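Structure at a glance
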Amino acid sequence: MKRFYCFFGMFIFGFYFSQTKVNKRKDVEIFLMDSAVSMERYLDANKAYKYKIVNHTDNNYIIDPQGFRGKTYVYECNELYSRPEKMIPKGYYSRDLEDCKEDLLLLKKKESLIVEMTILNIDFFYQIKPNKSYYLDIESKHNEYTATLLGCTDYIKNLKKQGYKVFEDQIKVKIPLIP
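How each quantity is defined
- Residues numbered from 1 in each chain as written.
- Predicted model: local features only at pLDDT ≥ 70, side-chain atom pairs only at ≥ 80, totals over all residues.
- Heavy atoms only, no water.
- Disulfide = S-S within 2.5 Å.
- Helix = DSSP H or I, 4+ residues; strand = E, 2+ residues; numbered from the N terminus.
- Buried < 20%, exposed > 50% of the residue type's maximum accessible area, 1.4 Å probe, protein only.
- Pairing = 2+ DSSP bridges.
- Salt bridge = Lys/Arg side-chain N within 4 Å of Asp/Glu carboxyl O.
- Phe/Tyr/Trp six-rings, centres within 6.5 Å; stacked < 30°, edge-to-face > 60°.

**Quick word on the state of the cysteines**
The full count for this structure, using the stated rule, is one disulfide. Linked covalently through their sulfurs, Cys-100 and Cys-152 form a disulfide whose S-S length is 1.9 Å. On the sign convention where negative is left-handed, the bridge of Cys-100 and Cys-152, at about -100 degrees about the S-S bond, is left-handed. Of this pair, Cys-100 sits in helix H3 (residues 97-103) while Cys-152 is found in the loop between helix H4 (144-147) and helix H5 (153-161), placing the two residues 52 residues apart along the sequence. For the pair formed by Cys-100 and Cys-152, the shared burial category is buried.

**Remarks on the sheet that holds strand E1 (residues 20-21)**
One key point about sheets: their strands pair by backbone hydrogen bonds, in either a parallel or an antiparallel sense. Strand order across the open sheet formed by four strands is E1-E2-E4-E10, with antiparallel pairing between neighbours. In this open sheet, the two strands that pair with only one neighbour each are E1 and strand E10 (112-116). Pairing geometry for strand E4 (residues 50-55) and E10, over five bridges, is antiparallel. Bridge pairing in E10 links Val-54 to Ser-112.

**Details of the pattern of salt bridges**
Throughout the structure, instances matching the rule amount to nine salt bridges. Residue Asp-58 pairs with Lys-110 through a salt bridge whose shortest N-O separation is 4.0 Å. Note that Asp-58 is positioned in the loop between E4 and strand E5 (60-63) and Lys-110 in the loop between strand E9 (105-107) and E10, a separation of 52 residues in sequence. The two residues Asp-58 and Lys-110 agree in class, both being exposed. In this structure, the salt-bridge partner of Glu-144 is Lys-160, at a minimum N-O distance of 2.9 Å. Highlighted residues: Glu-144 in helix H4 and Lys-160 in helix H5, separated in sequence by 16 residues. Take Glu-144: its relative accessible area is 32%, and that puts it in the partly exposed class. The class of Lys-160 is partly exposed, set by a relative accessible area of 37%. What you see here is one network of salt bridges that share partners, running through Asp-64, Arg-95 and Asp-103.

**So, the packing of aromatic side chains**
Here the structure, examined in full by the defined rule, presents three aromatic pairs. Aromatic side chains Tyr-61 and Phe-167 sit 6.0 Å apart centroid to centroid with 85 degrees between the ring planes, which places their arrangement in the edge-to-face category. Placement of the pair is Tyr-61 in strand E5 and Phe-167 in the loop between strand E13 (164-166) and strand E14 (169-178), with a sequence separation of 106 residues. Of the two residues, Tyr-61 and Phe-167, neither departs from the other in class, the shared state being buried.

Set out below in structure tokens:
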């Protein structure tokens, strides 16, 4: 029985510490489900990063998974990496009502969700060498303006009439970058 408790404890310890809290708020927390980010995985749309969102409040929130806007800086050996290989092309689209219903996250009070979101905003491809250390310095925010950049203004107004609030927070975190 002691082995079971020891194994269970190690599993919980490993799972908890492999997550990285990325936002500033304490009443609604966002955790990256991985302890590091890979450039190769970031570029692969089929292997998106998952986040756990925990709402400790009695409020319902609207979160746009693509509504986090800001900058991500790459550091190599604690110095800003200023020699990116090439730019990563990105595009944005406008959403209609059906897209809004499908895209926006509705986080209910005292609820937890595991979702894919766009918090990492890497604009360039960087050559990551295995013998050097790298990390991402992410600065981003989410508010009503950033949540409606791709559309959904009327849909969000209707949700607000139902008692939902637009999630407002900042992302300020450093995450290891691996090859």
